Amino acid sequence: MAKFVIRPATAAGCSDILRLIKELAKYEYMEDQVMSDYRGFGIGSEILKNLSQVAMKCRCSSMHFLVAEWNEPSINFYKRRGASDLSSEEGWRLFKIDKEYLLKMAAEE
Amino acid sequence: MAFVQIRAAKQGDCGDILRLIRELAEYEKLSDQVKISEEALRADGFGENPFYHCLVAEILPAPGELQGPCIVGYGLYYFIYSTWKGRNIYLEDIYVMPEYRGQGIGSKIIKKVAEVALDHGCSQFRLAVLEWNKRAMDLYKTLGAQDLTQAEGWRAFRFEGEAMRKLAGR
């Protein structure tokens, strides 16, 4: 397996980023149909390590993120590394308010 | 009769904001998690690159009333990014003191956040609610919010402390 490097993205990388965003979205809705040749090599761990280092450097006390409840491989990956599931442990639910409702609210007087 | 205004917080409001942060944590039964100091709030919210923005709900006394203005609620938010939808806001905290609830102050704060979101080209804003906080959930749903944890199965995860240091290799 070739060596890999984790580095900050540049503006030129945006088309690749968009390609990967779409692949991730596809994974999140059609998990079994998305094959990846690059899993299992520690790339995810290395990205997470990089992110934690950024967090420590910027004096952040924690990292928060979302995981889909059916995504067992990811849940295990994060829990093995010491992450807490705040939704299960403390009962947090994520809500969103979409643009049509933002417009409604802003229009009221 | 007193009047409530929702305005952007100033550096000098940090003492009041910290007081309300503690009250909110108490309400959420998670008081022991509050480690922030007034200095950190000032530095992080009012420096060159703010980590958050804050709105405060201030009661302005009617003419003739003796007591000064008083901060009775707040909404603290920051900009985030959705790789699916683009610019977004996360409303980290919203709180109104118990004796001032039921007057629409919470709704006013949320509406102000909605305006900020639209002014900055955001297509959405997000917030978290504790599953037992029915009163808050009802308010947000009335204003058009949807429960993504229930509807799509999203769970909030966190790395902190020792676990985060280990990840960073320290």
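The rules behind the values
Throughout this description, residue numbers start from 1 for each chain and increase along the sequence as written. Chain letters and ligand numbers both follow the written order, the letters beginning at A and the numbers at 1. Per-residue local features of the predicted model are confined to residues with pLDDT of at least 70, and side-chain atom pairs are confined, for both listing and counting, to 80 or more; whole-chain, interface and lining totals are unaffected and use all residues. As a rule here, side-chain values cover all heavy atoms of the structure and leave hydrogens and water aside. UniProt positions are given in the numbering used here, feature names are shortened, and annotations may be inferred rather than shown by experiment. Strands are treated as partners if at least two bridges between them are detected by DSSP. Secondary structure elements are defined from DSSP: runs of H or I of at least 4 residues count as helices, runs of E of at least 2 residues count as strands, and each element is numbered from the N terminus. Throughout the structure description, domain borders are defined by an automatic or database domain assignment. It only takes one pair of heavy atoms within 4.5 Å for two residues to be counted as in contact. Two parts placed together each lose some accessible area under a 1.4 Å probe, and adding up what both lose gives the buried area. Think of a salt bridge as a Lys or Arg side-chain nitrogen and an Asp or Glu carboxyl oxygen that are within 4 Å of each other. What qualifies as a polar contact is a pair of N or O atoms within 3.5 Å, subject to a donor-acceptor requirement within protein and to the restriction that residues adjacent in sequence count only when both atoms come from side chains. Helix axes use the C-alpha atoms of the stretch in contact, all axes being lines fitted to C-alpha atoms, and the angles between their N-to-C directions lie in the range 0 to 180 degrees. Throughout, a crossing is termed right-handed when the near helix is turned clockwise from the far one, and left-handed when it is turned anticlockwise from it by less than a right angle. Charged means Asp, Glu, Lys or Arg here, nonpolar means Ala, Val, Leu, Ile, Met, Phe, Trp, Tyr, Cys or Pro, and polar covers whatever is left, Gly included.

You'll find chain B entered in an unreviewed UniProt entry as Spermidine/spermine N1-acetyltransferase family member 2, with Chinchilla lanigera given as the organism. What UniProt states about chain B under its Sequence similarities (unreviewed entry) heading is, verbatim, "Belongs to the acetyltransferase family."

Chain A is annotated in an unreviewed UniProt entry as Diamine acetyltransferase 1 of Chinchilla lanigera. UniProt, in the comment section headed Subunit (unreviewed entry), describes chain A in these words: "Homodimer." Among the UniProt annotations of chain A, the heading Pathway (unreviewed entry) holds the following wording: "Amine and polyamine degradation; putrescine degradation; N-acetylputrescine from putrescine: step 1/1."

Asks: Residue-level account of the sheet that holds strand E1 (residues 62-68) of chain A, with values.
Replies: Strand order in the open sheet formed by three strands is E1(A)-E7(B)-E2(A), with antiparallel pairing between adjacent strands. Two strands in the sheet have a free side with no partner beyond their single neighbour: E1 and strand E2 (84-85) of chain A. The sheet contact formed by E1(A) and strand E7 (residues 154-160) of chain B spans seven bridges and is antiparallel. The residue of E7(B) that forms the bridge with His64(A) is Arg158(B).

Asks: Tell me about the domain arrangement of chain A, and please be specific about residues and values.
Replies: Residue and element names in this part refer to chain A. Taken domain by domain, chain A consists of domain 1 (13-61) and domain 2 (64-108). Spacing between the C-alpha centres of domain 1 and domain 2 amounts to 17 Å. On the domain 2 side, the residues contacting the six residues of domain 1 number six residues. Its largest share of buried area at the contact with domain 2, domain 1 owes to Tyr27, Ser45 and Leu48, together 64% of the area lost on that side. At the junction of domain 1 with domain 2, the criterion picks out zero salt bridges. Connecting domain 1 to domain 2 are two residue pairs in polar contact (both at pLDDT 80 or more). Looking at the side of domain 1 that touches domain 2, the elements that each hand over two or more residues are helix H1 (14-29) and helix H2 (43-57).

Asks: Could you give me a rundown of the packing of H2(A) against helix H6 (residues 161-168) of chain B, with the residues and numbers involved?
Replies: Taken N-terminus to C-terminus, the directions of H2(A) and H6(B) make an angle of 115°; their axes are 7 Å apart at the nearest point. Handedness of the crossing formed by H2(A) with H6(B): left-handed. The segment H2(A) lies against H6(B), with Leu48(A), Lys49(A), Ser52(A), Gln53(A), Ala55(A) and Met56(A) engaging Met164(B), Arg165(B), Leu167(B) and Ala168(B). Across the contact of H2(A) with H6(B), the residue classes break down as six nonpolar, two polar and two charged.

Asks: Which residues make up the side chain of Lys96(A), and what are the values?
Replies: Its place among the elements puts Lys96(A) in strand E3 (residues 92-98). Among the polar contacts listed, one links the side chain of Lys96(A) to the side chain of Asp98(A), at a separation of 3.0 Å. In this structure, Lys96(A) is in contact with Gln124(B), Phe125(B), Arg126(B), Gly144(B), Ala145(B), Gln146(B) and Leu148(B), ignoring residues within four places of it in sequence.

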